[in-house]
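Residues per chain, in single letters:
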There are 2 protein chains.
Amino acid sequence: METRKVYLTEDEMPRQWYNVLADIKMNPPLGPDGKPVSPDKLAPVFPMNLIEQEVSPQRWIDIPEEVLRVLTIWRPTPLVRAYALEKALGTPARIYYKYEGVSPPGSHKPNTSVPQAYYNKVFGIKRLTTETGAGQWGSALAFACSQFGLECKVFMVRISFDQKPYRKSMMQAWGANCVASPSTETKAGRDILAKDPDTPGSLGIAISEAVEAAVTDETGQTRYSLGSVLNHVMLHQTIIGLEAKKQMEKIGEYPDVVIGCAGGGSNFAGLAFPYVYDKFNGKDVAIHPVEPEACPTMTKGPFAYDHGDTAGYTPLLPMYSLGHTFVPPPMHAGGLRYHGMAPTVSQLVTEGILEPKAVSQLATYKAGVLCARTEGVISAPETNHALACVIDEAEKAKEEGKEKVILFNWSGHGLIDLAAYEKYLSGELNDFAMPEREIEEAEKVLEKYPKPQLLKSR
Amino acid sequence: METRKVYLTEDEMPRQWYNVLADIKMNPPLGPDGKPVSPDKLAPVFPMNLIEQEVSPQRWIDIPEEVLRVLTIWRPTPLVRAYALEKALGTPARIYYKYEGVSPPGSHKPNTSVPQAYYNKVFGIKRLTTETGAGQWGSALAFACSQFGLECKVFMVRISFDQKPYRKSMMQAWGANCVASPSTETKAGRDILAKDPDTPGSLGIAISEAVEAAVTDETGQTRYSLGSVLNHVMLHQTIIGLEAKKQMEKIGEYPDVVIGCAGGGSNFAGLAFPYVYDKFNGKDVAIHPVEPEACPTMTKGPFAYDHGDTAGYTPLLPMYSLGHTFVPPPMHAGGLRYHGMAPTVSQLVTEGILEPKAVSQLATYKAGVLCARTEGVISAPETNHALACVIDEAEKAKEEGKEKVILFNWSGHGLIDLAAYEKYLSGELNDFAMPEREIEEAEKVLEKYPKPQLLKSR
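How each quantity is defined
- Residues numbered from 1 in each chain as written.
- Chains lettered and ligands numbered in written order.
- Predicted model: local features only at pLDDT ≥ 70, side-chain atom pairs only at ≥ 80, totals over all residues.
- Heavy atoms only, no water.
- Helix = DSSP H or I, 4+ residues; strand = E, 2+ residues; numbered from the N terminus.
- Rg over C-alpha atoms; globule rule 2.2 N^0.38 Å.
- Contact = heavy atoms within 4.5 Å.
- Areas by Shrake-Rupley, 256 points an atom, 1.4 Å probe, with all protein chains shown as cover.
- Lys, Arg positive; Asp, Glu negative; His and termini not counted.
- Charge placed at Lys NZ, Arg CZ, Asp CG, Glu CD.
- Buried area = accessible area lost by both parts, 1.4 Å probe.
- Salt bridge = Lys/Arg side-chain N within 4 Å of Asp/Glu carboxyl O.
- Polar contact = N/O pair within 3.5 Å; in protein donor to acceptor, adjacent residues only side chain to side chain.
- Nonpolar A, V, L, I, M, F, W, Y, C, P; charged D, E, K, R; others polar.
- Pairing = 2+ DSSP bridges.
- Axes fitted to C-alpha atoms, helices over the stretch in contact; angles between N-to-C directions.
- Patch = residues over 30% accessible without salt bridge, like charges linked within 9 Å, V, L, I, M, F, W, Y side chains within 5 Å.
- Buried < 20%, exposed > 50% of the residue type's maximum accessible area, 1.4 Å probe, protein only.
- Least-squares fit on C-alpha atoms with pLDDT ≥ 70 in both.
- Expected span 1.5 Å × (residues − 1).
- Phe/Tyr/Trp six-rings, centres within 6.5 Å; stacked < 30°, edge-to-face > 60°.
- Lys NZ or Arg CZ within 6 Å of the ring centre and 35° of its normal.
- Parallel < 35°, antiparallel > 145°, perpendicular 65-115°, else oblique.
- Left-handed = near helix turned anticlockwise from the far one by under 90°.
- Disulfide = S-S within 2.5 Å.

(A) The overall build of chain A, seen in detail. Along chain A, the regular secondary structure elements total 18 helices and 15 strands. The C-alpha atoms of chain A give a radius of gyration of 21 Å, which matches the 23 Å a tight globule of 458 residues would have. Its C-alpha atoms give chain A principal-axis dimensions of about 60 × 50 × 45 Å. In chain A, 77% of the contacts between residues at least 6 apart in sequence involve partners at least 24 apart. Counting only carbon and sulfur atoms, one obtains 51% of the accessible surface of chain A, whose full area is about 16,000 Å². Seen as two clouds, the 47 positive and the 55 negative side-chain charges of chain A have centres 2 Å apart.

Pasting the structure below:
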């Protein structure tokens, strides 16, 4: 019988993260004055040890023992050969995926929530705040805080809070305090409620509340935590790709194509950056971040300086962006409804190291259903974007008659996000396209900011 | 760093199931005439190859290659050392669990749905019917049928169909046809709807519909599938305990206590029966099936002949039973709301080989929350019964100062059953006790049936 899964033992887990900052040139984040932001400006928001990691030029960074200990709750994750999918597609390609759905909250998110909780803990912080949309990040941070005895406060976008009660219950089971945003607990929330008491909320509002709740705590023992976009988040996620490389090595394989879905960029970067390192060192590997056609940040947006949040509180980051005022259409992959993209991922796209793809919502659910009925796993709506791209690549391999090796990140299961599957199967799901007018709009919004340089890392 | 998880490779998976029927004496199932039912009477309901397995006296039964291939989607499952729970309890006990929540539907159920779908397929069956309450079994059968290209029809108790839309969507994603029961598709359903159009349905009604839909298919290509109670279901689940034994052996451990929650008995038997075999061969091990105080089949019910279903369609089975007319209180562990108990488990209880325990609903959620915040995994409400018993045993070990080894079955995760956690945490959850009057009632219901003999296997 052929072997389906490649495991690592806990002893074989990587002991260091890979920091892509050591290998690329980056435009600095800018303050409101248009000048580079010095790291200490962020001290009220993040603990100093994480800020140091955010700007560290060191290529390999040790994973603390206490972090590894918690990661072993679900790591190392399996590398799986997708035999059944290959057979269904009749492709000569060999398809492998790294399965991150085995974590307690069901996605790759705790790969960074655990070290973030740890670094806050050792810095003396007692309480973390964050925002969450669909709830994946909020539950991952709740889980991590419960492991390190930190309090956790999650501002959850009201419409999700009302529509997705399971995610809220999950956070509560792990001891977190989850409130609907806008809330009456912050000035930002109260101001918005005064104007619009029935607002469904937004991620932008929730970020404002979470940051305010952190910086206004007079004891100084509260900080804010972010689940994507930032350099240290990408760093923590590289354990995915570093494990995958070890696993592929065990069976004598190396990927021709590496694929991951990308919203803020973290699960994609987690798998891809260790292969970016190889690419810098001469390996021939195609790397595709996959985004929704309805939120085509990398494939249609300009590379520009923009705020990471809707309200414009964050520094200006050099990234592909549809403009921080852009409201993505109500597609079901909530984790990919983000106007921007991690600066590190963006930089690598400008250099042609990464080749982004965009897929339609219907194509993603078609891929998700095929994979559920072959590989057996019901995928998160976000991961379905990776699946759609994998199927495209496998079909291309079939046309070309090539024995291509495809590796992708199965970033999470979809057991708590099933509503859209039902809509898709009953023919009620729509596609959304991004109108050209919106792109022009984005460019107009971004016009007033400085332009990032086009840098060449190698 | 201490090792948390013990893995097996796919090559190390057991190649045979353990059949406890080879080692115990059983009262036969009886027909309406009070005489033993001959196996062929069941042929319209189950395929002949599964009926043969149901009555086989063979101790070790080969697992077909095609079944093993599908099981590797998630098996072997990890054996985990519960260091964090041990630490929180300050117990000298070493606690291990077998984690079955990694399967695609999230529980141990596909260990039997996969072989059942396989045997039906090779027997030439095209379509399976079943009933489901909370949805764990229906989704496990939907998953298995999708792997073998069988049609799957699930009759889901209406109240769950309406309250738990995620389970229904899961079945649909795997291609199953799930309808609310009572439905208009069967005579049984139509009769009930005519009398009571607003009925919330019941497992008893759903069984009647599923059996009717199977036996009335004139093509002869439909059969019915059951997820617990029967001998062949227990057989298929023994892969859990057989894996656990290999894993414990790797680290030089052997359990003093083996624990599993028990509703129909299948996840419990899956872990426990291989240790029952050891016990028959001289090993000293305490084995506890754990049930709810609100449905205390083994701890308070009589050992009697009773029907497996509410309507009284099934043969009379020798088992602990609260009477097939007993309606368990509306506690949240839906999988344990069953009036009877697997005949094999029941027989072993009568002989004192198994020592059942009962726990209260509040104790189970207290245990579930402690484990979520230490081990990190949010448990299914059913598994919480095992957790409560484990904590009792670990605390006993602490009082006695004994280095006891405890092994239990973590039968599933609770990610789709979170509502009750929220109620528990906000103090809105109640305990239910089984009133003495109900026991007397049960005895009255069972009076009219023949009495099983008290047999001694060894």
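What follows picks up the thread again.
(B) The interface of chain A and chain B, seen in detail. Contacts between the two partners involve 46 residues from chain A and, on the opposite side, 46 residues from chain B. Taken together, both faces of the contact between chain A and chain B bury some 4,300 Å²; the carbon and sulfur share is 55%. Joining chain A to chain B, the criterion identifies two salt bridges. E10 of chain B serves as the salt-bridge partner of K5 of chain A, at 2.9 Å between the closest nitrogen and oxygen. At the junction of chain A and chain B, the tally comes to 26 residue pairs in polar contact (both at pLDDT 80 or more). Elements supplying a minimum of two residues to the side of chain A that touches chain B: α2 (65-71), α5 (136-148), α7 (165-173), α15 (361-374) and α17 (419-425) of chain A. When residues of the side of chain A that touches chain B are assigned to their parent elements, the largest contribution, seven residues, is made by α7 of chain A. Residues belonging to the side of chain A that touches chain B are distributed by class as follows: 24 nonpolar, 10 polar and 12 charged.

(C) Highlighting the sheet that holds strand β14 (residues 357-359) of chain B. Residue and element names in this part refer to chain B. In spatial order, the strands read β1-β4-β5-β15-β10-β11-β14; together these seven strands make up an open sheet with mixed pairing. On the outer flanks of this sheet lie β1 (5-6) and β14, each paired with one strand and no other. In this sheet, β14 lies alongside strand β11 (residues 286-292) in parallel orientation, the contact comprising three bridges. Counted as the bridge partner of V290 is K357 from β14. Here helix α11 (residues 239-250) sits on the sheet and contacts β1, β4 (79-81), β5 (94-99) and β15 (405-410); the angle it forms with β5, its principal contact strand, is near 140°.

(D) Molecular detail of a negative patch on the surface. Residue and element names in this part refer to chain A. Judged by side-chain charge, E440, E441, E443 and E447 come together as a negatively charged surface patch. Relative to the assigned elements, E447 resides in the segment after α18 (436-446). With relative accessibility at 57%, the residue E447 sits in the exposed group.

(E) Geometry of the sheet that holds strand β10 (residues 257-261) of chain A. Residues and elements named next belong to chain A. If you walk across this open sheet you meet the seven strands as β1-β4-β5-β15-β10-β11-β14, and the pairing is mixed. The sheet is open, and its two borders are formed by β1 (5-6) and β14 (357-359), each paired with just one other strand. Against the sheet, helix α11 (residues 239-250) contacts β1, β4 (79-81), β5 (94-99) and β15 (405-410), and its axis sits at roughly 140° relative to β5. Contacting β10, β11 (286-292) and β15, helix α12 (residues 266-280) crosses the sheet at an angle of about 155° to β11.

(F) Expanded view of the pairing of β15 of chain A. All names here are of chain A. The element β15 is largely enclosed, with a buried count of six among its six residues. Of the pairings in the sheet, the one linking β5 to β15 comprises six bridges and is parallel in character. Within β15, the residue paired with Y96 across the bridge is L407.

(G) View of the relation of the copies chain A and chain B. Structural alignment of chain A on chain B gives an RMSD of 0.0 Å, achieved by rotating through 180° and translating 0.0 Å along the axis. Taken together, the rotation and translation relating the two chain copies correspond to the operation of a two-fold axis. A shared interface surface links the copies, since 100% of the contact residues of chain A are contact residues in chain B too.

(H) Expanded view of helix α16 (residues 383-400) of chain A. All names here are of chain A. Between its terminal C-alpha atoms α16 stretches 26 Å, which fits the 26 Å expected from 18 residues at 1.5 Å a residue. Buried residues of α16: T383, N384, H385, A386, L387, A388, C389, V390, I391, E393, A394 and A397, and no others. Backbone geometry just after α16 places G401 at a positive phi near 65°.

(I) Examining the packing of aromatic side chains more closely. In total, this model carries 36 aromatic pairs over all chains according to the counting rule given. Pairwise contacts between aromatic rings join Y97, Y99, F408 and W410 of chain A into one cluster. The ring of Y275 of chain A carries K245 of chain A above its face, with NZ or CZ at 5.7 Å from the centroid. Over the ring of Y254 of chain B we find K283 of chain B; its NZ or CZ atom is 4.2 Å from the centre of that ring.

(J) Structural detail: unusual backbone geometry. Of note, the bond from R75 of chain A into P76 of chain A is cis; its omega dihedral lies within 30 degrees of zero at -5°. Examined against the element boundaries, P76 of chain A turns out to sit in the loop between α2 and β4. Of note, the bond from S181 of chain B into P182 of chain B is cis; its omega dihedral lies within 30 degrees of zero at 5°. Mapped onto the elements, P182 of chain B comes out in the loop between β8 (177-181) and α8 (187-195). At V229 of chain A, a residue that is not glycine, the phi angle is positive and equals roughly 65°.

(K) Fine view of helix α14 (residues 343-350) of chain B. Residue and element names in this part refer to chain B. Of all eight residues that make up α14, seven are buried, and the element is covered over most of its length. Looking only at α14, the buried set comprises P343, T344, V345, S346, Q347, L348 and V349. On its buried face, α14 sits against α10 (231-237), α12 (266-280), α13 (297-300), β12 (303-307) and β13 (316-320).

(L) Highlighting the packing of α12 of chain B against α14 of chain B. Residues and elements named next belong to chain B. Their axes nearest at 12 Å, the elements α12 and α14 cross at an angle of 40°. Viewed along their axes, α12 and α14 adopt a mutual orientation that is oblique. Relative to α14, α12 is oriented so that their crossing is left-handed. Residue-level contacts link F268, A269, F273, V276 and F280 of α12 to T344, V345 and L348 of α14.

(M) Structural detail: the side chain of H413 of chain B. Following the sequence through the fold, H413 of chain B ends up in the loop between β15 and α17 (419-425). Reaching out from H413 of chain B, the side chain makes a polar contact with the backbone nitrogen of L415 of chain B at a distance of 3.2 Å. In this view, H413 of chain B contacts L415 of chain A together with Y99, G101, G106, Q136, I378, S379 and A380 of chain B; residues no more than four positions away in its chain are not counted.

(N) Representation of the environment of E185 of chain B in the model. Residues and elements named next belong to chain B. Examined against the element boundaries, E185 turns out to sit in the loop between β8 and α8. On the basis of relative accessibility, which here comes to 45%, the residue E185 falls in the partly exposed class. Excluding its chain neighbours within four sequence positions, the residues that come into contact with E185 are K153, V179 and R190.

(O) Local environment of the pattern of salt bridges. Overall, the coordinates contain 42 salt bridges over all chains when judged by the stated rule. Beyond isolated ion pairs, a larger network of salt bridges with shared partners links R75, K98, E100 and E243 of chain A.

(P) Looking closely at the environment of H385 of chain B. Residue and element names in this part refer to chain B. With respect to the element layout, H385 can be found in helix α16 (residues 383-400). A C-alpha to C-alpha distance of 5.6 Å links H385 and C261, two positions 124 residues apart in sequence. Setting aside its immediate chain neighbours within four residues, H385 contacts C261, V290, E291, P292, A333, L336, V359 and T364. Among the polar contacts listed, one links the side chain of H385 to the backbone oxygen of P381, at a separation of 3.2 Å.

(Q) Structural view of the state of the cysteines. Within this structure, the stated rule accounts for zero disulfides over all chains. C389 of chain A supplies the cysteine sulfur nearest to C261 of chain A, a cysteine that is in no disulfide, at a spacing of 11 Å.

(R) Focus on the environment of N267 of chain A. All names here are of chain A. When you line up the elements, N267 lands in helix α12. For the pair N267 and I240, spaced 27 residues apart in sequence, the C-alpha separation works out to 8.3 Å. In contact with N267, other than residues within four places in its own chain, are H108, I240, C261, N409 and S411. Side-chain polar atoms of N267 contact the side chain of N409, separated by 3.0 Å.

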